[in-house]
Amino acid sequence: MQNMQQIVGQARAAFSSGRSRPLEFRIRQLKALERMVQEKEKEILAALKADLNKCGPNANIQEVLGVLGELALTMEKLPSWAAPQPVKKNLLTMRDEAYIGYEPLGVVLVIGAWNYPFVLVMQPLIGAIAAGNAVVVKPSEVSENTARLLAELLPQYLDKELYPVVAGGVPETTELLTQRFDHILYTGSTAVGKIVMAAAAKHLTPVTLELGGKSPCYIDQDCDLAVACRRITWGKYMNCGQTCIAPDYILCHPSIQGKVVENIKATLKEFYGEDVKSSPDYERIVNQRHFKRVKSLLEGQKIAHGGETDEASCFIAPTILTDVSPESKVMEEEIFGPVLPIVTVKSVEEAIEFINLREKPLALYVFSNNKQLIKRVVSETSSGGVTGNDVIMHYFLSTLPFGGVGHSGMGAYHGKHSFETFSHRRACLIKDLKMESTNKMRYPPGSQKKVDWAKFFLLKRFNKARIGLFVLALLGVVAAVMIKVVN
Amino acid sequence: MQNMQQIVGQARAAFSSGRSRPLEFRIRQLKALERMVQEKEKEILAALKADLNKCGPNANIQEVLGVLGELALTMEKLPSWAAPQPVKKNLLTMRDEAYIGYEPLGVVLVIGAWNYPFVLVMQPLIGAIAAGNAVVVKPSEVSENTARLLAELLPQYLDKELYPVVAGGVPETTELLTQRFDHILYTGSTAVGKIVMAAAAKHLTPVTLELGGKSPCYIDQDCDLAVACRRITWGKYMNCGQTCIAPDYILCHPSIQGKVVENIKATLKEFYGEDVKSSPDYERIVNQRHFKRVKSLLEGQKIAHGGETDEASCFIAPTILTDVSPESKVMEEEIFGPVLPIVTVKSVEEAIEFINLREKPLALYVFSNNKQLIKRVVSETSSGGVTGNDVIMHYFLSTLPFGGVGHSGMGAYHGRFSFETFSHRRACLLRDLRWELLNKIRYPPASMEMMHLARLLLVKQCSRSRVAQFVSALLVALKSVVAKVSFGSLLSL
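All values derive from a computational prediction rather than experimental measurement. (Residues numbered from 1 in each chain as written. Chains lettered and ligands numbered in written order. Predicted model: local features only at pLDDT ≥ 70, side-chain atom pairs only at ≥ 80, totals over all residues. Heavy atoms only, no water.)

## Some thoughts on the pairing of strand β4 (residues 134–138) of chain B
Residues and elements named next belong to chain B. Among the five residues of β4, five are classified as buried, and the element is accordingly described as predominantly covered. Burial along β4 is two-sided: Ala134, Val136 and Lys138 and Val135 and Val137, pointing in opposite directions, are all buried. The sheet contact formed by strand β3 (residues 107–111) and β4 spans five bridges and is parallel. Note that in β4 the partner of Ile111 across the bridge is Lys138. Remark: the β3/helix α5 (residues 119–130)/β4 crossover connection has right-handed handedness. (Buried < 20%, exposed > 50% of the residue type's maximum accessible area, 1.4 Å probe, protein only. Helix = DSSP H or I, 4+ residues; strand = E, 2+ residues; numbered from the N terminus. Pairing = 2+ DSSP bridges. Right-handed = clockwise from strand over helix to strand, strands pointing away.)

## As for the UniProt feature "domain: Aldehyde dehydrogenase" (unreviewed entry) in chain B
UniProt annotation of "domain: Aldehyde dehydrogenase" (unreviewed entry) refers to residues 3–425 of chain B when read in the numbering used here. A distance of 32 Å separates the end C-alpha atoms of residues 3–425 of chain B, which is 43% helix and 16% strand. (UniProt positions renumbered as here; feature names shortened; annotations may be inferred.)

## A word on the packing of aromatic side chains
A full pass over the atoms with the stated rule returns 22 aromatic pairs over all chains. On the numbers, 5.8 Å between centres and 45° between planes, the contact of Tyr102 of chain B with Phe419 of chain B is tilted. Here Tyr102 of chain B, found in strand β2 (residues 97–104), pairs with Phe419 of chain B, found in helix α14 (residues 415–421); they are 317 residues apart in sequence, far enough to count as distant. Like Phe419 of chain B, Tyr102 of chain B is buried. Measuring from ring centre to ring centre gives 5.2 Å for Tyr395 of chain B and Phe396 of chain B, while their planes differ by 85°; the resulting arrangement is edge-to-face. Ring pairing ties together the aromatic residues Trp234, Phe271, Tyr272, Tyr282 and Phe315 of chain A together with Tyr443 of chain B, which thus form one cluster. In this arrangement the basic side chain of Arg442 of chain A is found over the ring face of Trp234 of chain B, its NZ or CZ atom lying 3.7 Å from the centre. Sitting over the ring of Phe354 of chain B, Arg358 of chain B keeps its end group 4.0 Å from the ring centre. (Phe/Tyr/Trp six-rings, centres within 6.5 Å; stacked < 30°, edge-to-face > 60°. Lys NZ or Arg CZ within 6 Å of the ring centre and 35° of its normal.)

## Concerning the sheet that holds strand β13 (residues 339–344) of chain B
Spatially, β1(A)-β2(A)-β17(A)-β15(B)-β14(B)-β7(B)-β8(B)-β13(B)-β12(B)-β9(B) is the arrangement adopted by the ten strands of the open sheet, whose pairing is mixed. Strands with a single pairing partner mark the edges of an open sheet, and in this sheet they are β1 (85–86) of chain A together with β9 (302–305) of chain B. Looking at chain direction, strand β7 (residues 216–219) of chain B and strand β8 (residues 249–252) of chain B are connected through four bridges and run parallel. Each residue of the ladder has a partner; that of Cys217 of chain B, found in β8 of chain B, is Ile250 of chain B.

## Regarding the pattern of salt bridges
Enumeration over the complete set of coordinates arrives at 53 salt bridges over all chains. The partner of Arg230 of chain A in a salt bridge is Glu270 of chain A, with the nearest N and O atoms 3.5 Å apart. Note that Arg230 of chain A is positioned in helix α9 (residues 225–237) and Glu270 of chain A in helix α10 (residues 254–272), a separation of 40 residues in sequence. For Glu270 of chain A, a relative accessible area of 39% translates into the label partly exposed. With a shortest N-O distance of 4.0 Å, Asp182 of chain B and Lys360 of chain A are connected by a salt bridge. Taken together, the residues span two chains, with Asp182 of chain B in the loop between α7 (170–176) and β5 (183–187) and Lys360 of chain A in the loop between α12 (348–356) and β14 (363–367). Through salt bridges that share partners, Asp96, Lys431 and Arg442 of chain A together with Asp390 of chain B make up one connected network. (Salt bridge = Lys/Arg side-chain N within 4 Å of Asp/Glu carboxyl O.)

## A short note on the environment of Phe271 of chain B
One can find Phe271 of chain B in helix α10 (residues 254–272). The class for Phe271 of chain B is buried, based on a relative accessible area of 2%. Separated by 103 residues in sequence, Phe271 of chain B and Ile374 of chain B place their C-alpha atoms 28 Å apart. Apart from residues lying up to four places away in sequence, Phe271 of chain B is in contact with Tyr443, Pro444 and Pro445 of chain A together with Arg230, Thr233 and Trp234 of chain B. (Contact = heavy atoms within 4.5 Å.)

## So, the UniProt feature "active site" (unreviewed entry) in chain A
All names here are of chain A. As annotated in UniProt, the feature "active site" (unreviewed entry) corresponds to Glu210 and Cys244 in the numbering used here. Taken along the chain, the residues just named run across 35 residues; in space they keep tight, none of their C-alpha pairs more than 8.9 Å apart. Mapped onto the fold, Glu210 is located in strand β6 (residues 207–210). On the accessibility criterion, Glu210 (4% relative accessible area) is buried. Dropping the residues within four chain positions of it, Glu210 is found in contact with Tyr186, Thr187, Gly188, Phe402, Gly403, Ser408, Gly411, Ala412 and Tyr413. Using a relative accessible area of 18% as the deciding quantity, one classes Cys244 as buried.

## Description of the domain arrangement of chain A
Along its sequence, chain A is organised into domain 1 (4–211 + 413–427), domain 2 (216–400) and domain 3 (448–486). For domain 1 of chain A and domain 3 of chain A, the distance between their C-alpha centroids amounts to 48 Å. (Domains from an automatic or database assignment.)

## A look at α5 of chain B
Residues and elements named next belong to chain B. The first and last C-alpha atoms of α5 sit 16 Å apart over twelve residues, in line with the 16 Å expected at 1.5 Å per residue. Taking burial as the measure, the twelve residues of α5 include twelve buried ones, the bulk of the element. The set of residues buried in α5 consists of Val119, Leu120, Val121, Met122, Gln123, Pro124, Leu125, Ile126, Gly127, Ala128, Ile129 and Ala130. Immediately beyond the C-terminal end of α5, within one or two residues, lies Gly132, with a positive phi of roughly 95°. (Expected span 1.5 Å × (residues − 1).)

## Some thoughts on helix α6 (residues 144–157) of chain A
Residues and elements named next belong to chain A. The end-to-end C-alpha separation of α6 is 20 Å, in line with the 20 Å expected for 14 residues at 1.5 Å each. Among the residues of α6, those classed as buried are Thr146, Ala147, Leu149, Leu150, Leu153, Leu154 and Tyr157. Residues of α6 that are buried in the fold lie against α2 (23–39), α3 (41–52), α5 (119–130) and β4 (134–138).

## As for the UniProt feature "coiled-coil region" (unreviewed entry) in chain A
Residues annotated in UniProt with the feature "coiled-coil region" (unreviewed entry) correspond here to residues 23–50 of chain A. Helix and strand shares over residues 23–50 of chain A are 96% and 0% respectively, and the end C-alpha atoms of the span are 37 Å apart.

Spelled out as structure tokens, the structure:
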């Protein structure tokens, strides 16, 4: 096992040296990451293929392009994000400098996941570097090829001491979590999320937890079913269903269940051809353990399509289950596989009730031609994020904060939200030592007169016009002088 | 012991009823709180006097006015805070509705502290109500008169089920913390902060922890000492030093230590008169336990002023210690009392190093005529917040987030930050079912051509001018049609 205390200690010493503070340094690191992604694209794609059977173009679109986009955005915007942000002042602080300063937190820990092993390490890493921190990177050992590649590549392109990569599984991660960090971003399961937060509590380390859940997908009767089902099929079966914001299950009226199945079947053929097993675009379950887990969810279910499995290659065909009972196993935990249960509901009210009985999911999807209905479902439920009339897509707009709520997580990142997550927002009020007489009303001895003046300043401040402000300030000075004279 | 499960369950059922969601309801509750503060001002001031010997005017300025101000601000701004916030879109989402929606979290727990027992319950409560939550309020049992008053008053003015008040000490709070909440805001000590966060972890409840630390106060040689010391004296000895953002200790050059002491002494006389014990403006230590704790910090120290104590009345005189050793007990923990140690440093570099060897404090203070020096100290240290050339005051500007970092806390509140702390920011992207053609690049079967197009769209999006954006979009649409046509013709072969 690597010496965790030494690695984290080295990162902390490197951070304390101050070299990650200047923006030029951070941008140089980000530029190096950009070069790494461009120069080593082949190796990255090969690792993703080995880990999840992701083909080149898919891996590129799913993981590499997002990283390049985030790098370009961050390098462009960093100066404006990092600049002190002046805030609106009140009467008391009219003459002062008041702003929020963005500062690095120190040493950040990023724990990646295995389903999108490249982007789920890189995107947090980009934000943490941009915010000026040292970053300890712990890729998921389950996606071992990508983990090995990151451990190899990152030290070649980045400052070795500031951004160390730690390898290993549960024992190594447990040891790592005993160390003290200034922020931890963890992507993974709800169960482990609790363990991470409990470990963080020992050091009062703030956490961002990107967890999971069962993301519901409601299909309204008033809806272009062909389009809706094509989009759902894409989001459900990409990466063999192993996507944290995949539509987990469908809710729809029994009268359209048959059509939904037909449309999804037709789309599957479009996407993967007649023999899905030989399609280069269809991925595999990441390992035997998850293969067995997902396969067991099919027991006792009505399989409307698919259901074929092959343990040796961890292959599970795109599967649709119909008339699924809410109490069955497949409706208990997050599926994280290419199995799509359809649960029928008689109305949108029933769908909303169904969703609200369960833990808040990471994503929620509603398909309808009726925008009002979509807004209603959104307002009467909760979830990390929402895409209406599509799936997954809110993930790709970096001006939207990406994160969960309740058991699906806490905190958010992407774009500027990453920068803010990994920064400390420091409240700064810089005054001068002049105009001391205006402070008289706050000093003892207290008096009702002082209270009345304080009331005037503290309570009336919001509705004043500019001229009024000037007059008030003058009155304040006069009053202060008067109080002093009277006392 | 009250039945915590029942109380929280009732609050949750009340929240699920949906009645706290409409803005009108929330504003009505806030208006009721405002009435409560105005109608029961006498009772509130009496409770603060009983708990901490705060006199009326001080209690008013320290606690009541802040609450009234926060209520007025929140009621005025709530519609704009709660409105969906549209976000800048990219090429892919040009035609869509993209915004951040602010939603209540559910049932929030607010745990108050004893030093400002009224405002430290009220201010979080205001924000949590404004954000549409149910709120379980747990005032500190140490400030028992205020706790009792809140338990009496809040149900008279607010919805009883949505905003229950829970009484009790450690056993009751421990029991309460086994329940599931959707957010916990705790104000208090670092040690208990860890306990709260560990309890929250069991339910994956996000927390805002307003803790403490030793807030340093650096006085530069180039500085108007009389003014600086008056401001420091005010912030240090208000509420008998029991303020989370009080200047805990002073760092200054040995050559001005004497003058600093003289100026503070002079100011103390201005503020509290010759006999501080009989001044109505000087508070008391909250209880015997803390009295003993603070008194023990004086052992072995050079007392330049003060040092008088009276256990029966929990009185500790405003005290200044000079030439304090960094290793002494008074420099270990947060003092939270009217004892002001001065540690001498030879330079601002030494001061910065001294500060950085310790845990990040809740506040940091620098006094200097030289703004550059102030900015340098700020940039080479970290703390929850900073006031330059004064103390405490960043607390009173509600457009500044108030909170700690590291051991002094996590998260922040006040004003709009309260509203956002107690809300879930939900990312919303609403599309329509048309223009399905444009989606072709993302569907299997993948091809290099599609990938290049995607690259063009996803990576170049940040540096496009508007015209170029339009042209790109057209090209994409065109290419998709062409691809579909050729793909279609491929299929039909």
